[in-house]
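# A structural walkthrough
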Amino acid sequence: MLTQRLTIDCDSPQPEILARAAAVLRGGGVVAFPTETVYGLGAHALDARAVARIFEAKGRPAHNPLIVHVADVSEARRLAARWPDAAARLAARFWPGPLSLVVERASSIPDMVTGGGSSVALRVPAHPVAWQLLRTSGLPLAAPSANRSTQISATTADHVMRQLAGRIEMVLDAGPSAGGLESTVIDVRSSPARLLRPGLVSRDELQQALGETIDWPAPGTTPAAGPLPSPGMQLRHYAPRVPVDCTADDGLPRVHALTDRGLRVGWLAVGQPRPGCWPASTTMLWLPADPVRYASGLYAALHELEAAGIDRMVIALPPDTPAWHAIHDRLRRASAPVE
Ligand code: TXA
Ligand code: MG
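This write-up is about the structure you can find in this document.

Scoring rules and cut-offs
Residues numbered from 1 in each chain as written. Chains lettered and ligands numbered in written order. Predicted model: local features only at pLDDT ≥ 70, side-chain atom pairs only at ≥ 80, totals over all residues. Heavy atoms only, no water. Helix = DSSP H or I, 4+ residues; strand = E, 2+ residues; numbered from the N terminus. Rg over C-alpha atoms; globule rule 2.2 N^0.38 Å. Buried < 20%, exposed > 50% of the residue type's maximum accessible area, 1.4 Å probe, protein only. Salt bridge = Lys/Arg side-chain N within 4 Å of Asp/Glu carboxyl O. Contact = heavy atoms within 4.5 Å. Near = heavy atom within 4 Å. Polar contact = N/O pair within 3.5 Å; in protein donor to acceptor, adjacent residues only side chain to side chain. Areas by Shrake-Rupley, 256 points an atom, 1.4 Å probe, with all protein chains shown as cover. Nonpolar A, V, L, I, M, F, W, Y, C, P; charged D, E, K, R; others polar. Pairing = 2+ DSSP bridges. Axes fitted to C-alpha atoms, helices over the stretch in contact; angles between N-to-C directions.

### Points about the overall build of the protein chain
- A tally of regular secondary structure across the protein chain gives 11 helices and 14 strands.
- For the protein chain, whose C-alpha radius of gyration is 20 Å, the value lies close to the compact-globule estimate of 20 Å for 339 residues.
- With the C-alpha coordinates aligned to their principal axes, the bounding extent of the protein chain is approximately 60 × 50 × 35 Å.
- Put simply, the protein chain has 339 residues, and 58% of those count as buried.

### Topic: the pattern of salt bridges
- All chains considered together, the criterion is met by 16 salt bridges.
- A salt bridge links R5 to D158, with the nearest nitrogen and oxygen atoms 2.9 Å apart. Taken together, the residues span a long stretch of sequence, with R5 in strand β1 (residues 4–7) and D158 in helix α7 (residues 157–164) at a distance of 153 residues.
- Here D245 ties to R312 by a salt bridge, and the two come within 3.0 Å at their closest N and O atoms. Taken as a pair, D245 in strand β11 (residues 244–247) and R312 in strand β14 (residues 312–316) lie far apart in primary sequence, 67 residues in all. The pair formed by D245 and R312 is uniform in burial state, with each residue classed as buried.

### Quick look at helix α11 (residues 325–334)
- In terms of burial, α11 is largely enclosed, as 9 of its 10 residues are buried.
- Buried residues of α11: H325, A326, I327, H328, D329, R330, L331, R333 and A334, and no others.
- Where α11 is buried, its residues touch β10 (194–197), β11, α10 (291–307) and β14.

### Overview of the site of ligand 1
- Contacts to ligand 1 come from 27 residues, most closely from T37, N64, H69, S145 and S183.
- One of the side-chain nitrogen or oxygen atoms of S145 is found 2.8 Å away from an oxygen atom of ligand 1.
- Between ligand 1 and R197, the relevant distance is 2.9 Å, taken from an oxygen atom to a side-chain nitrogen or oxygen of the residue.
- Calculation on ligand 1 without its partners gives an accessible area of 680 Å², and the protein chains cover 97% of this total.
- Secondary-structure elements contributing two or more residues to the shell around ligand 1 are β3 (39–44), β4 (67–69), β6 (119–123) and β10.
- Per element, the largest residue contribution to the shell around ligand 1 is 4 residues, and it comes from β6.
- A breakdown of the residues in the shell around ligand 1 according to their chemical character gives 14 nonpolar, 9 polar and 4 charged.

### Notes on the sheet that holds strand β13 (residues 283–287)
- Taken together, 4 strands build an open sheet; the order of strands is β11-β14-β12-β13 and the sheet is parallel. One side of each edge strand has no neighbouring strand; the edge strands of this open sheet are β11 and β13. Pairs of neighbouring strands in the sheet enclose a mean axial angle of 15 degrees, with direction left out of account.
- Taken together, the 4 bridges between strand β12 (residues 265–270) and β14 define a ladder with parallel strand orientation. Its bridge partner being in β14, L268 is matched across the sheet by I315.

### With respect to the environment of L252
- You can see L252 is positioned in helix α9 (residues 252–260).
- As a C-alpha pair, L252 and G180 span 72 residues in sequence and 26 Å in three-dimensional space.

See the structure below:
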């Protein structure tokens, strides 16, 4: 299959390009599109055959459910069997935006979308292209991140093409996704609400909106007992194809130790390192010591290091404060040993 790549304006998406993408979606095809978090891989959420194509393209296990993207709250409510007070509050405060709400599913949603479970994750995206595509197509769109299963999420159309060219009908290219990390996922079926995945909306913001404390696991952890509440919480995830070492220091001692063993190393630093302090054979990238800008550039940096032909990645962990929580979560999953 030839994957069409169409350039589209990030702020005022051209109606004729949206119409072409919508036609593919209505025909049961798969279209990758930008959101404010990462690129998504979209298909008609109520068409089981279209949704099956997403799983096929990603190589995603069938038990891992998808987030359904909708244009507004009233459409979200149509796809939910119940709309708890917490859902109403959070939707009013954070939609459109990077927050996915897990609620009881309506019977119109195919099992394929929910991994056979009784809940569904819903979100109204803020990116103009994503939002206008929902409007133009008139469809709810199931859309996981546009990467092969367990690999690094895509924040540009190039990243999507690298992993999925030939497997999907179309990619809408609107430049880099600014947010850079996936949405926060929160289960609002019970009280207190339960965080399933940290993301761009922080714990403080959620608690403020809800007026209660929410259950919040440590970054990179999975619950010790019981079934996985969210299959995407499996430990190794968002991972480059080479082993990753996260270090509490700036990473330089580890970089030297690995290059001394003859390995080709990629080093991701926080803040610009002193010039020349790393071995010449090392590929060095750095990200700003600011969580918003760091998040925005993280996946692109991981993709770039991976493409540099290295044997090992060394990542200096940023500060361990709440503002860095979602970033820590992703870095721990990226560096977890293969299960
Ligand atoms: O920012 C995002 O959320 C991006 C963009 C494209 O919207 N999407 C995304 O989707 O990251 P995905 O499929 O890569 O991650 C969805 C996460 C997974 O961890 C999945 O297990 C969890 O949400 N999830 C989806 N539906 C769920 C449900 N009904 N119950 C519990 N967890 C669910
Ligand atoms: Mg994903």
